[in-house]
Amino acid sequence: MAAVHGDVHGHEHDDHHPSGIMRWITTTNHKDIGTMYLWFSFAMFLVGGTLAMGIRAELYQPGIQILEPELFNQFTTLHGLIMVFGAIMPAFVGFANWQVPLMIGAPDMAFARMNNWSFWLLPVAATLLVSSFFVPGGAAAGGWTFYPPLSTQGGLGVDLMIFSVHILGASSIMGSINIITTILNMRAPGMTLMKMPLFVWTWLITAYLLVLVMPVLAGVVTMLLTDRHFGTSFFNAAGGGDPVMFQHIFWFFGHPEVYIMILPSFGIVSEVIPTFSRKPLFGYSSMVYATASIAILSCVVWAHHMFTAGMPTVGQLFFMYATMLIAVPTGVKVFNWTATMWRGSMSFETPMLFAIGFIFLFVIGGFSGVICAIVPIDIQVQDTYYVIAHFHYVLVSGSLFALFAGAYYWIPKWTGRMYNETLGKWHFWLSMFFFNLTFFVQHFLGLAGMPRRIPDYNLQFADFNMISSIGAFGFGSTQLLFLYIMINCIRSGEKAPQKPWDGATTLEWTHLPTPAPYHSFEKPPVVN
Amino acid sequence: MVENKSIANVLMLKKLLIFTLIMFVFGFALVPFYEKFCEVTGINNLLRPDIQAKEIQVDESRWIMVEFDANTRGLPWQFKPLQTNARIHPGEPVSVMYEITNNSDREINGQAIPSYSPRFLDKYLKKFECFCFTKQTLKPNETRQMPVQFVIEPELPADIQTVTISYTFFELAAGVSAVNK
């Protein structure tokens, strides 16, 4: 067990890292890289959020006011791509970098230099993606799923997007190889697989999903590239190809991808809920099996995104039932979280608030998911705002809320300082209020038939759109409060106690000083 | 101990890299798999002649309006059906003439790709002869008339009264053979 040092400066003599910018460029330390991942993803979150503000500003009133339709399409496309590949995914990798070695008692990630490389690919990819707004023809505008024929016809912006997706994919694959190897080979003695914290388990399964499907995404964008420039006809009907095939291959990647974005948040919530309920997680092994079942099922349900693209009835039925089956392991998880809180000695600090908010809103998103899985209903709501509402309930109040919960939960361990609890609670309640204001009404818009990705709409949709836009502006501004809380915490937060959360039981709280020293677990701890 | 660990890590890295490579290849393997799947299940089989397996009964109690549509994309041809529609009984053999004219002064190869509305019409439409099965080569300013012969099976759902058969001509580069799947 490492000695407990009182202050941050006590460690500096054994840190051995260059100072200034070179520290960050050359670092192989998992904590530095984790920090960079988190800041990068937050920056991309602000970029993607700005695009969302533009979209909602245009949709504030019917008619075209701010964004021309071409630019509006670029905004929706890039908003999706940046939030999925630039914000949510790297944020979870950032958490994995910080927390996986700390939680399994490893000194660092397995391949420290590859870790550095997989981070530094990200700014390159992000630059390509964002700069595509400024090339002739503008950014890709065919939606974040870049279906052909739109994506085979677009301009230079589409090529930049393709390269960007290639680079992001390479980064993700390297990151997941690193995480798998770290988890499987570098656990402290005594830390058996079934003793691992659930966050580590969910990341192990997520990383396997990533190496399973990211190469397929790389393949399908490569086909798009050769269709565009090298005369192949994978997706071109005139050359014997089939645009529907793109959708099959894309969603073979795309559906596991949505679980890649939610499984680690299940992990974070499964750490936060027991800590603040002061009880061990209810049904640990069923949680592990539920996570694995979700991951396996996620690979056989892809065509539920394509019910209107043309499919034999037998196929529709298979994908409908398989999709609805996912509700079973997900229900097991929600049950276990609730059972963990049951008769717990609960307290409601900001991480716990976000975790409970997560459960509450994620269940709503899960239910609308089951509704969308039903073929006749899906044919009705396909490409309407109902689907937008559904996936923002699972991605924003799901993944993003879990990320906030994790950030508040672990920031004392990372910085040695406490965040402002009052402001943290304000952040939660404002986010909760404005999120629902933005997205709940979109269910009604979708059921009434408002199509997605269109800058103008019928007058009957005006009121709900105005409410949704006001909510979006509020939600966006609230996230600046989060930035302030974090900076305030890092620069001048109160000194954190050694163990700010008395219910925490994982290694980083029980075996390491706060803040975690630059080099931790050089001698592995022994887990009983 | 440390040595063993890094050897084990590198072994793991190699395994995972090979797995990644396999999945990349798998992405491309989905293409022939998809085509085979469509062929076996008979989905998307638009560019091969159908064989009349059984005697088709003409359903004289019912009329269907068949609309003919013709387009070109990216080649200087004029392409039109000689009649824009036909009122037929299901099961009745139909023959329609299309006409193409090459308006340019170079020889051009092209192939027509069919498209149906409603989408599931391909299950009930049996084509015995079509200019879309082969490559069409037109000399400068040549005009050609070409037939399509088909039957719409009486099993077509009763709520369908109008169907559209559309063809679009695409240019085939010299030396490229026609698509037939």
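Quick caveat, the model's predicted, so the values are computed rather than measured.

(A) How the structure looks around the overall build of chain B. The number of helices and strands found in chain B is one helix and nine strands. Listing the helices and strands of chain B from first to last along the sequence gives α-β-β-β-β-β-β-β-β-β. Relative to its length of 181 residues, chain B is extended, with a C-alpha radius of gyration of 24 Å against a globular reference of 16 Å. For the C-alpha atoms alone, the extent of chain B along its principal axes is close to 85 × 50 × 25 Å. Looking at chain B as a whole, 15% of its 181 residues qualify as buried.

(B) Quick peek at helix H15 (residues 421–447) of chain A. Residues and elements named next belong to chain A. For H15, which comprises 27 residues, the first-to-last C-alpha distance of 39 Å matches the rise-based estimate of 39 Å (1.5 Å per residue) to within 8%. Of all the bends in H15, the greatest, near 30°, is centred on Asn 436. One or two positions beyond H15, positive phi appears at Gly 449, with a value near 105°.

(C) Fine view of the environment of Ala237(A). Residues and elements named next belong to chain A. Structurally, the position occupied by Ala 237 is in the loop between helix H7 (198–229) and helix H8 (243–277). With 20 C-beta atoms counted inside 10 Å, the residue Ala 237 sits in the buried group. It is 14 Å that separates the C-alpha atoms of Ala 237 and Gln 153, two residues lying 84 residues apart in sequence.

(D) Focus on the sheet that holds strand E8 (residues 143–152) of chain B. Residues and elements named next belong to chain B. Strand order in this open sheet of four strands is E2-E4-E8-E6, and the pairing throughout is antiparallel. Both outer strands of the open sheet, strand E2 (77–81) and strand E6 (125–129), are each paired with one neighbouring strand and no more. When strand polarity is set aside, the average angle formed by the axes of neighbouring strands in this sheet is 30°. Here E6 runs beside E8; their pairing, made up of four bridges, is antiparallel. The residue of E8 that forms the bridge with Glu 129 is Gln 149.

(E) Expanded view of the interface of chain A and chain B. Taken together, the contact pairs 25 residues of chain A with 22 residues of chain B. Breaking the side of chain A that touches chain B down by element, the ones donating at least two residues are helix H6 (156–185), H7 and H8 of chain A. Counted by class, the side of chain A that touches chain B contains 17 nonpolar, seven polar and one charged residues.

(F) Summary view of the packing of H7(A) against helix H9 (residues 284–297) of chain A. Residues and elements named next belong to chain A. Between H7 and H9, whose axes approach to 10 Å, the crossing angle comes to 15°. On the basis of the axis angle, H7 is roughly parallel to H9. In this structure, H7 crosses over H9, and the sense of that crossing is right-handed. Between H7 and H9, the contacting residues are Leu 198, Trp 201, Thr 202, Ile 205 and Leu 209 on the first element and Met 287, Val 288, Thr 291, Ala 292 and Ala 295 on the second.

(G) Seen up close, the sheet that holds strand E5 (residues 108–117) of chain B. Residues and elements named next belong to chain B. Ordered in space as E3-E1-E9-E5-E7, the five strands form an open sheet in which the pairing is mixed. Lying at the two open borders of the sheet, with one neighbouring strand each, are strand E3 (85–88) and strand E7 (136–138). Taking each pair of neighbouring strands and ignoring which way they run, the sheet shows an average axis angle of 30°. Pairing of E5 with strand E9 (residues 162–172) involves nine bridges; the strand directions are antiparallel. Its bridge partner being in E9, Ala 112 is matched across the sheet by Phe 169.

(H) Examining the domain arrangement of chain B more closely. Split into domains, chain B comes out as domain 1 (1–44) and domain 2 (53–172). Here the C-alpha centroids of domain 1 of chain B and domain 2 of chain B sit 42 Å apart.

(I) Highlighting the packing of helix H2 (residues 30–58) of chain A against helix H16 (residues 462–492) of chain A. Residues and elements named next belong to chain A. Orientation of H2 relative to H16, taken along the N-to-C sense of each, is 160°, at an axis distance of 9 Å. In terms of orientation, H2 lies roughly antiparallel with respect to H16. Handedness of the H2/H16 crossing: left-handed. Only Ser 468, Ser 469, Ala 472, Phe 473, Gly 476 and Gln 479 of H16 make contact with H2, whose side of the interface consists of Gly 49, Ala 52, Met 53, Arg 56 and Ala 57.

(J) Up close: H6(A). A rise of 1.5 Å per residue sets the reference length of H6(A), with its 30 residues, at 44 Å; its end C-alpha atoms lie 44 Å apart and thus fit the reference within 8%. Summarising burial for H6(A): 23 of the 30 residues are buried, a large majority.

(K) Broad picture of the pairing of strand E1 (residues 64–73) of chain B. As judged from the four bridges shared by E1(B) and E3(B), these two strands associate in the antiparallel manner. Looking at the pairing, Glu67(B) lines up with Asn85(B) of E3(B).

(L) Main features of the environment of Phe475(A). All names here are of chain A. Here Phe 475 shows up in helix H16. A C-alpha to C-alpha distance of 8.2 Å links Phe 475 and Phe 433, two positions 42 residues apart in sequence. What Phe 475 contacts, discounting residues up to four positions off in sequence, is Ser 431, Phe 434, Phe 435 and Thr 438.

(M) The arrangement of the environment of Gly27(B) in detail. Along the polypeptide, Gly27(B) turns up in helix H1 (residues 2–41). Spatially, the C-alpha atom of Gly27(B) lies 26 Å from that of Leu47(B), the residues being 20 residues apart in sequence. In this structure, Gly27(B) is in contact with Pro215(A), Val216(A), Gly219(A), Val220(A) and Ile249(A), ignoring residues within four places of it in sequence.

(N) Seen up close, the nonpolar core. Within the largest apolar cluster, 168 residues are counted, with the highest numbers of intra-cluster contacts made by Val200(A), Val220(A), Val269(A), Phe358(A) and Ala405(A). When neighbours within four sequence positions are excluded, Phe358(A) is seen to be in contact with Ser265(A), Val269(A), Ser397(A), Gly398(A), Phe401(A), Ala402(A) and Ala405(A). By size, the runner-up hydrophobic cluster in this structure holds 12 residues, among which are Ile100(B), Ile113(B), Cys130(B) and Leu138(B).

Conventions used here
- Residues numbered from 1 in each chain as written.
- Chains lettered and ligands numbered in written order.
- Predicted model: local features only at pLDDT ≥ 70, side-chain atom pairs only at ≥ 80, totals over all residues.
- Helix = DSSP H or I, 4+ residues; strand = E, 2+ residues; numbered from the N terminus.
- Rg over C-alpha atoms; globule rule 2.2 N^0.38 Å.
- Buried ≥ 20, exposed ≤ 12 C-beta atoms within 10 Å, placed from the backbone.
- Expected span 1.5 Å × (residues − 1).
- Bend = angle between axes of the 7 residues up to and from the residue.
- Pairing = 2+ DSSP bridges.
- Axes fitted to C-alpha atoms, helices over the stretch in contact; angles between N-to-C directions.
- Contact = placed C-beta atoms within 7 Å.
- Nonpolar A, V, L, I, M, F, W, Y, C, P; charged D, E, K, R; others polar.
- Parallel < 35°, antiparallel > 145°, perpendicular 65-115°, else oblique.
- Left-handed = near helix turned anticlockwise from the far one by under 90°.
- Domains from an automatic or database assignment.
- Core = buried A, V, L, I, M, F, W, Y, C linked by C-beta atoms within 7 Å.

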